[in-house]
Amino acid sequence: MMMSPVEFFKTLPAKQCPECGQPIEEQAESYMLECDHCLSKKEE
């Protein structure tokens, strides 16, 4: 039996920052790959 789209998205693992490995809190319409901490270090 096929999984419903809602169940599919509920079971996806949390997105992780490739720089430090911390989970990233995803937001709608946000395509950031790094966490806020790593992004702020790049701006310095």
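All of these numbers come straight from a predicted model, not from anything done at the bench.

**Student:** For this particular structure, what's the right way to read the packing of aromatic side chains?
**Tutor:** Aromatic ring pairs are described here by two measures, namely the spacing of the ring centres and the angle between the planes. Counted under the stated rule, the structure contains 1 aromatic pair. Summarising the aromatic geometry, the rings of Phe8 and Phe9 are spaced 5.2 Å apart at their centres and angled 80° between planes, so their arrangement reads as edge-to-face. Assessed through its relative accessible area of 57%, Phe9 is described here as exposed.

**Student:** Would you explain a nonpolar patch on the surface in this entry?
**Tutor:** On the surface, Met3, Phe8, Phe9 and Leu12 cluster together into a nonpolar patch covering about 430 Å² of accessible area. Mapped onto the elements of the fold, Leu12 is located in the loop between helix H1 (5-10) and helix H2 (36-43).

Rules used throughout
- Along every chain, residues carry numbers that run from 1 in the direction the sequence is written.
- Restriction of local features to residues with pLDDT of at least 70 applies here, the model being predicted, together with a cutoff of 80 or more for giving and counting side-chain atom pairs; totals for whole chains, interfaces and linings are based on all residues.
- Side-chain numbers here rest on the full set of heavy atoms in the structure, without hydrogens or water.
- When two rings of Phe, Tyr or Trp (its six-membered ring) have centres within 6.5 Å they constitute a pair, described as stacked for plane angles under 30 degrees, edge-to-face for angles over 60, and tilted for the intermediate range.
- Under the scheme applied here, a residue whose accessible area is under 20% of the maximum for its type counts as buried, over 50% as exposed, and between as partly exposed, the area being computed with a 1.4 Å probe on protein chains only.
- Patches draw on residues past 30% relative accessible area with no salt bridge. Two like charges within 9 Å are joined, as are two nonpolar side chains (Val, Leu, Ile, Met, Phe, Trp, Tyr) within 5 Å.
- What sets the accessible areas is the Shrake-Rupley method with a 1.4 Å probe; for residues, cover comes only from the shown protein chains.
- Between Lys or Arg on one side and Asp or Glu on the other, a salt bridge is scored when a side-chain nitrogen of the former is within 4 Å of a carboxyl oxygen of the latter.
- Secondary structure elements follow DSSP: runs of H or I no shorter than four residues count as helices, runs of E no shorter than two count as strands, and numbering proceeds from the N terminus.

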